[in-house]
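# An overview of the molecular structure
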Amino acid sequence: MRYISMVFFALLAACSGTMTGQVRGTGEQVQFNYEQGLDHDIYTARIGSENFTGKAIMDGSGSTYATAWGNDFANVFGSTTTNRFIAVLLGDQGNSLNCQMRYADSSGFTNAGGVGVCKHSDGRIIDIVW
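Per chain, the residues get numbers from 1 upward, laid out in the order the sequence is written. Only residues with pLDDT of 70 or above have their local features reported here, since the model is predicted, and side-chain atom pairs are shown and tallied only from 80 upward, although totals for entire chains, interfaces and linings are computed over all residues. Computation of side-chain values covers all heavy atoms of the structure but excludes hydrogens and water.

Looking now at the pairing of strand E10 (residues 125-129). Buried, partly exposed and exposed residues are distinguished by accessible area as a fraction of the type maximum, computed with a 1.4 Å probe on protein chains only: under 20%, between the cut-offs, and over 50%, respectively. Comment: elements are numbered from the N terminus, with helices defined as DSSP H or I runs of at least four residues and strands as E runs of at least two. Here E10 shows a clear split, with Ile-126 and Ile-128 buried on one side and none of Ile-125, Asp-127 and Val-129 buried on the other. The pairing criterion is simple: DSSP has to find at least two bridges between the two strands. Relative to E10, strand E1 (residues 16-23) runs antiparallel, the two sharing four bridges. By the bridge assignment, Gly-21 is partnered in E10 with Ile-128. Sheet topology places strand E9 (residues 114-120) next to E10; five bridges connect them, and they run antiparallel. The residue bridging Val-117 from the neighbouring strand is Asp-127, located in E10. If you look at the hairpin formed by E9 and E10, you'll find four residues sitting between the two strands, and Gly-123 has a positive phi there, around 105°.

What follows is the structure, encoded as structure tokens:
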């Protein structure tokens, strides 16, 4: 069982892919790349001559812990997940992208696809699908 878990997490960490973005109003195409991580994803993009890199984290996830008393003593651990992710990408020329993503899979598997929107620090809006 331990071996299966290690293989699963190794495969998850190795997932990567692309997302297609389009600037509203101009139709300029922007390709985003992602690398799936265990607790966050890494996004990269290039707009014009500027390279952007940042992190996407789950928005609204949480963990719970409870101790139950009764006939038996038990510790109960749990977690909740959501398909909502937020990301901030910093550009190498001083700009930034602030993104809100909806993953198709509520467990956070990026390669299942999704939709999103990013706002460039200059006001441009980029719609994203993958």
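With respect to the secondary-structure elements, Thr-20 resides in strand E1. Given a relative accessible area of 43%, Thr-20 falls into the partly exposed group. Sequence separation of Thr-20 and Trp-130 is 110 residues, and the distance between their C-alpha atoms is 6.1 Å. Non-local contacts of Thr-20, meaning those with residues more than four positions away in its chain, are made with Gln-29, Val-30, Asp-127, Ile-128 and Val-129. Any pair of residues with heavy atoms lying within 4.5 Å of one another is described as a contacting pair.

Here we take up the environment of Gln-93. Here Gln-93 lies in the loop between strand E7 (84-91) and strand E8 (96-103). Counting along the chain gives 44 residues from Gln-93 to Ser-49, while the straight-line C-alpha distance between them is 8.7 Å. In contact with Gln-93, other than residues within four places in its own chain, are Ser-49 and Glu-50.

A separate point is the sheet that holds E10. Spatial strand order, E1-E2-E3-E4-E7-E8-E9-E10: eight strands in a closed barrel with antiparallel pairing. With strand direction ignored, the average angle separating the axes of adjacent strands in the sheet is 25°. Working convention: axes come from line fits to C-alpha atoms, limited for helices to the stretch in contact. Angles between N-to-C directions cover 0 to 180 degrees.

This paragraph deals with the state of the cysteines. Cysteine sulfur atoms are paired as a disulfide whenever they fall within 2.5 Å. Scanning all chains against the criterion turns up one disulfide. Paired by a disulfide, Cys-99 and Cys-118 hold their sulfur atoms 2.0 Å apart. Its S-S torsion of about 110° marks the bond between Cys-99 and Cys-118 as right-handed, since a negative value means left-handed. Residue Cys-99 is located in strand E8, and its partner Cys-118 is located in strand E9; the two are separated by 19 residues in the primary sequence.

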